[in-house]
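Below, each chain spelled out in residue letters.
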Amino acid sequence: MARLKTEIRATALLRRAQGAGAFAAVLRRGDPDAGALWVVTRQGGILHRYVEQMSMSGGREWFRDGPFTEDEQTLRINKAVDRDPDLWIVEVEDSQGRAFLDGDIAKPETAVEAAAKALFRGR
């Protein structure tokens, strides 16, 4: 199945956010065709990060982590850009904490799932 270009997805996210009254901006432009996309949400001083990854079922889902401080978030972004220079970063500032994503958000993993991942991570 063909996927939309990252530049189109980022632009659509900006329009959804701004259309709903939130502020959104591209902090970093990566590869316009196939770069990964991170969405950082800011609700007051609270920052969360959404990363799109392959789910256990084989589909694509958004995974949320955080909260982070401004310094922690900057460090994570800098490390990620060092590994993947094609990375896109979009920041959304919304009083309700909405991310305006184009897909499903993964449910938080249970303690058993986290233990299984930790057990098999090194293999």
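Everything below is about the structure printed above this text.
Residues numbered from 1 in each chain as written. Predicted model: local features only at pLDDT ≥ 70, side-chain atom pairs only at ≥ 80, totals over all residues. Heavy atoms only, no water.

Student: Any chance you could explain the pattern of salt bridges here in plain terms?
Tutor: In a structure, side chains of opposite charge can pair up when their charged atoms sit close to one another. This structure, assessed with the given rule, holds 7 salt bridges. Residue Arg9 pairs with Asp102 through a salt bridge whose shortest N-O separation is 2.8 Å. Pair noted here: Arg9 is in helix H1 (residues 6–19) and Asp102 is in the loop between strand E5 (88–93) and helix H3 (111–120), with a separation of 93 residues, a long-range link. Residue Arg9 is classed as buried on the basis of its relative accessible area of 8%. (Salt bridge = Lys/Arg side-chain N within 4 Å of Asp/Glu carboxyl O. Helix = DSSP H or I, 4+ residues; strand = E, 2+ residues; numbered from the N terminus. Buried < 20%, exposed > 50% of the residue type's maximum accessible area, 1.4 Å probe, protein only.)

Student: So what exactly am I meant to see when it comes to helix H2 (residues 70–83) here?
Tutor: Three or four residues apart is the spacing at which side chains of an α-helix point the same way, because the helix has 3.6 residues per turn. Under the 1.5 Å per step criterion, the end-to-end length of H2 is 20 Å for 14 residues, consistent within 8% with the ideal 20 Å. Buried residues along H2 sit in contact with strand E1 (23–28), strand E2 (37–43), strand E3 (46–54), strand E4 (60–68) and E5. (Expected span 1.5 Å × (residues − 1). Contact = heavy atoms within 4.5 Å.)

Student: Before we go on, may I ask you to explain the pairing of E4 in this structure?
Tutor: Moving residue by residue along a regular strand, the side chains alternate between the two faces of the sheet. One ladder, built from 7 bridges, connects E3 with E4; its direction is antiparallel. The residue of E4 that forms the bridge with Val51 is Phe63. As consecutive antiparallel partners, E3 and E4 are separated by 5 residues, and within that stretch Gly58 has a phi angle of approximately 100°, a positive value. (Pairing = 2+ DSSP bridges.)

Student: What exactly am I supposed to notice about the nonpolar core here?
Tutor: Judged by nonpolar contacts, the single largest core of 16 residues is most densely connected at Leu37, Val39, Val90, Val92 and Leu101. Mapped by element, the contributors of at least two residues to this core are H1, E2 and E5. It is H1 that contributes the most residues to this core, 4 residues altogether. With residues near it in sequence (within four places) discarded, Val92 still touches Leu13, Ala17, Ala22, Phe23, Ala24, Val39, Val40, Thr41, Arg42, Arg98, Ala99 and Phe100. Counting residues in each nonpolar core, the second largest holds 10 residues, with Trp38, Val51, Phe68 and Val81 among its members. (Core = buried A, V, L, I, M, F, W, Y, C linked by side-chain atoms within 4.5 Å.)

Student: What is the right way to read the environment of Leu14 from this model?
Tutor: Along the chain, the position of Leu14 falls in helix H1. Distance in space between the C-alpha atoms of Leu14 and Leu101 is 9.9 Å, their sequence separation being 87 residues.

From the geometry alone we can't say anything about function, so treat these as descriptive.
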